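Chain by chain, the residues run as shown.
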Amino acid sequence: MDDSVVSRFEKYIDKTGECWLWTGCCGTNGYGLFKLEGKMWICHRFSYFLANGELPAPPLLVRHKCKSKKCCNPEHLESGTPSENTNDRLRDGTDSRGEKCWKAKLTEAQVREIRKRSEEKQTDLAKEFDVTYHTISAIIRKKTWAWLE
């Protein structure tokens, strides 16, 4: 890898703590983004690539051992399965399900309320909670927010 590319990448990393935090632009999901030759890289994947010379072959992915989505410290990154990555997020409380999801319109309390009132007309509930009938239906049938009791 060209030293100028590595320098440009590293100028956006704060290495003052154990986690090397990305200070450049981030996507809506909170992960750092780095553009190289017209391709957008997720920063922790690029850091892993620089440290290891390759990315894990699918279905494996690069996962964090720490809790920070912005961490680019190669010592905090490892390959793993999607299932391991999901378990990490659940264990660390960094999963973006429910209210933590950037596009969530409802709170957990509202979802519980909708389920309690499942005998009511779904179109009325949709109007009251300012969502679609399909959203109400999916909540009641536990197609969405399935993990929430």
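Here we look at the nonpolar core
- One finds Leu106, Val111, Ile114, Leu125, Ala126, Phe129, Val131, Ile136, Ile139, Trp145 and Leu148 forming the largest nonpolar core, which totals 11 residues.
- Mapped by element, the contributors of at least two residues to this core are helix H4 (108–116), helix H5 (122–129) and helix H6 (133–140).
- Among the elements that line this core, the one with the most residues is H5, at 3 residues.
- One finds Val5, Leu36, Cys43 and Cys72 within the second-largest nonpolar core, a separate group that totals 10 residues.

Some remarks on the state of the cysteines
- According to the stated counting rule, one finds 0 disulfides in the structure shown.
- Of the cysteine sulfurs around Cys72, a residue in no disulfide, the closest is that of Cys43, at 5.0 Å.
- The exposure class of Cys72 is buried, given its relative accessible area of 0%.

Procedures and definitions
- In this numbering scheme, every chain counts its residues from 1 along its sequence in written order.
- Reporting of local features is limited, given that this is a predicted model, to residues whose pLDDT is at least 70; pairs of side-chain atoms are given and counted only at 80 or more, and all residues count toward the totals for whole chains, interfaces and linings.
- Working from all heavy atoms in the structure, the side-chain values ignore hydrogens and water.
- The definition of a nonpolar core used throughout is a set of buried Ala, Val, Leu, Ile, Met, Phe, Trp, Tyr and Cys residues joined through side-chain atoms within 4.5 Å.
- Exposure categories follow from relative accessible area, calculated using a 1.4 Å probe and restricted to protein chains: below 20% of the type maximum is buried, above 50% is exposed, and the middle band is partly exposed.
- Each helix is a run of DSSP H or I of at least 4 residues and each strand a run of E of at least 2, with the numbering of both proceeding from the N terminus.
- By convention in this document, the label disulfide applies to cysteine sulfur atom pairs within 2.5 Å.

Note that all results are geometric; they support no functional claim without further evidence.
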